[in-house]
Amino acid sequence: MPVSVLLVDDQPLVRAGFRLILESAPNVSVVGEASDGREAVREVRGLLPDVVLMDIRMPGVDGIRATRQIVEWARPLGHRVRVLALTTFDLDEYVIGVLRAGASGFLLKDVPPAELVSAVELVAEGASVISPTVLNRLLDRFAPLLPSPEAGPEPSAGTLTVRERQVLELVAKGWSNGEIAAHLILGEATVKSHVGSILTKLGLRDRVQAVVHAYETGLVRPGQDDHPNEKTQEPPA
């Protein structure tokens, strides 16, 4: 089944451009549009899209409030509606606000078309997608608040197996399930199973929260090598 998408933006021309890009992809289908947050919440309840492409700055109910309302409505019902915020403004308060509200990703509107399609597909699969420039700036901002290298990860990470810790480190570095599978010589389905186990054990909602958790607990630190420490290995799962 193609990924169903709801477009939310107060500018009709912007929505038309996004529709043209997304509908050129064979695995994506635009099922509806909304011009503000209030209309977006209503359309989500009627259409149940896989992904909501959400603008942030809109009159009336903005994208942050709409994201929170959508997530809070969908979660108790078991609907897996994902929100991907897409905006011209990369202000930190917007990024932090919409991620805290439950969005699964944040991109700027100048993202290349192919990357936009890829981001929609990844978010629909449960991955998190954040613009590299935005992620780097957030890490610079929060680096002073992170544990020192000597502190080590907090006890909650001890509930994970060695393999799960390796997977979490790579998730926190922005690697896709396919890239993790190739690096650790695992099946992609096995990686997805590990990610699900990590979220369950740590009481996390999605991969965005997993990334935040990994940095907050010191499992991954800004500037750390791209590959996890694999001095101790479990046999391939």
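What this report covers is the structure whose coordinates are included nearby.

### Quick notes on helix H1 (residues 12–23)
And then number 1: Helix length check: H1, at twelve residues, gives a terminal C-alpha distance of 16 Å against a target of 16 Å (1.5 Å per residue), a fit within 8%.
And then number 2: Of the positions making up H1, those classed as buried are Val14, Arg15, Phe18 and Leu22. Along the axis of H1, the buried residues cluster in a sector spanning 95°; they form a single face. Those residues of H1 that are exposed and angled more than 90 degrees off the buried face are Pro12, Leu13 and Leu20.
And then number 3: Of the surrounding secondary structure, the elements contacted by the buried residues of H1 are strand S1 (3–8), strand S2 (28–34), strand S3 (51–54), strand S4 (82–87) and helix H5 (113–124).

### Topic: the packing of helix H8 (residues 177–184) against helix H9 (residues 188–202)
And then number 1: Contact geometry of H8 with H9 gives a least axis separation of 8 Å together with a crossing angle of 110°. In terms of orientation, H8 lies roughly perpendicular with respect to H9. Within the contact between the two elements, H8 uses Asn177, Gly178, Ile180 and Ala181 and H9 uses Glu188, Val191, Lys192 and Val195.
And then number 2: Split by residue class, the contact of H8 with H9 holds four nonpolar, two polar and two charged.

What counts as what
Residues numbered from 1 in each chain as written. Predicted model: local features only at pLDDT ≥ 70, side-chain atom pairs only at ≥ 80, totals over all residues. Heavy atoms only, no water. Helix = DSSP H or I, 4+ residues; strand = E, 2+ residues; numbered from the N terminus. Expected span 1.5 Å × (residues − 1). Buried < 20%, exposed > 50% of the residue type's maximum accessible area, 1.4 Å probe, protein only. Arc of directions from axis to C-beta. Contact = heavy atoms within 4.5 Å. Axes fitted to C-alpha atoms, helices over the stretch in contact; angles between N-to-C directions. Parallel < 35°, antiparallel > 145°, perpendicular 65-115°, else oblique. Nonpolar A, V, L, I, M, F, W, Y, C, P; charged D, E, K, R; others polar.

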